[in-house]
Amino acid sequence: MRYLILSDIHANLAAFEAVLAAAGVVDAVWCLGDTVGYGPQPNECIERLQGLPGLVCVAGNHDWAALGKLDLSAFNRDARTAAEWTARTLTPANRAWLEGLPERVEREGFTLVHGSPRFPIWEYVLTPAVAYENLAYFDTLTCLVGHSHIPAIFQEGRAGQGVIQFVPVPGEPFRYRPVRSIINPGGVGQPRDGDPRASFILLDPDAGTLVYHRVPYPVEETQARMRAAGLPPRLAARLSYGL
Ligand code: ZN
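Presented here is a report on the structure given in the accompanying data block. (Residues numbered from 1 in each chain as written. Predicted model: local features only at pLDDT ≥ 70, side-chain atom pairs only at ≥ 80, totals over all residues. Heavy atoms only, no water.)

1. A short note on the coordination of the zinc ion
- Around the zinc ion, the protein supplies Asp-8 (OD), His-10 (NE2), Asp-34 (OD) and His-149 (NE2) as donor atoms, at distances of 2.1 to 2.4 Å.
- For the zinc ion, the four donor atoms in the first shell make angles of 85 to 174° at the metal, a pattern classed as irregular.
- If you list the donors of the zinc ion from N- to C-terminus, the spacing comes out as D-x1-H-x23-D-x114-H. In this pair, His-10 sits in the loop between β1 (3–6) and α1 (13–23) while His-149 sits in the loop between β6 (142–144) and β7 (152–156), placing the two residues 139 residues apart along the sequence. Like His-149, His-10 is buried. (Donors = N, O, S within 2.8 Å, 3.2 Å for Na, K, Ca; no water. Tetrahedral: all angles 85-135°; square planar, octahedral: opposite > 155°, others 65-115°. Helix = DSSP H or I, 4+ residues; strand = E, 2+ residues; numbered from the N terminus. Buried < 20%, exposed > 50% of the residue type's maximum accessible area, 1.4 Å probe, protein only.)

2. Regarding the side chain of Asn-12
- Checked against the element boundaries, Asn-12 lands in the loop between β1 and α1.
- Assessed through its relative accessible area of 1%, Asn-12 is described here as buried.
- A distance of 3.1 Å separates the side chain of Asn-12 from the side chain of Tyr-217, its partner in a polar contact.
- With residues up to four places along the chain from it excluded, the contact list for Asn-12 reads Cys-45, Gly-189, Tyr-217, Thr-222 and Leu-239. (Polar contact = N/O pair within 3.5 Å; in protein donor to acceptor, adjacent residues only side chain to side chain. Contact = heavy atoms within 4.5 Å.)

3. Concerning the nonpolar core
- One finds Leu-4, Leu-6 and Phe-16 to be the most contacted residues of the largest nonpolar core, which totals 49 residues.
- For this core, the element with the highest residue contribution is α1, accounting for eight residues.
- Apart from residues no more than four positions distant in its own chain, Leu-6 is found in contact with Phe-16, Val-19, Val-29, Trp-30, Cys-31, Leu-32, Pro-185, Val-188 and Phe-200.
- Within the second largest apolar cluster, 19 residues are counted, among which are Trp-30, Val-105, Leu-112 and Ile-153. (Core = buried A, V, L, I, M, F, W, Y, C linked by side-chain atoms within 4.5 Å.)

What follows is the structure in structure tokens.
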């Protein structure tokens, strides 16, 4: 079995297509939220996602923002402008689909959330200390999170060791079982770890291993669409740097 784990597509269809092409045939796709927001093709990304095999998808803060379910004053000005643009651009059918996304799903020994198991919509799991606190908030062995757009693996250490953070090496298989862990595949549509390539995980649930991948995509194509849509220039520029 081969599962594609991805997050934070952020309406960047060019990046999303590059990930799907690189992933090849998969048995299931698990998406950790923020399918829309920031990028220029929210409807196209939702419709592409809907057609994928074994799809499981949770809601992110930008999905909620586009639906008016969040107070936009918590967003910076560019994010707010993009959220308002997304709200105007979504078709009624795609809005309804976003409305139906759960905050949390358990599937085959995994908990799927956008931010953290403690606060699924908002909390960032960026440090071993925060990861450690969050171990108490899910019952499965592994929790998959997005939101930070930074690839990361947090694993529970032996008694008294707390949580250990691993920086994933693309292409290198990582054995996630049998230790409890919180794992972030990084971002598809707006990476923030200084590498502009789209990030994702291919997971083999039978073997208990996963492999991180990075794939280049035509950034200029997304940037041109953002300019044409009148989205904030800073949001387009950051895609070149992965920041
Ligand atoms: Zn995001």
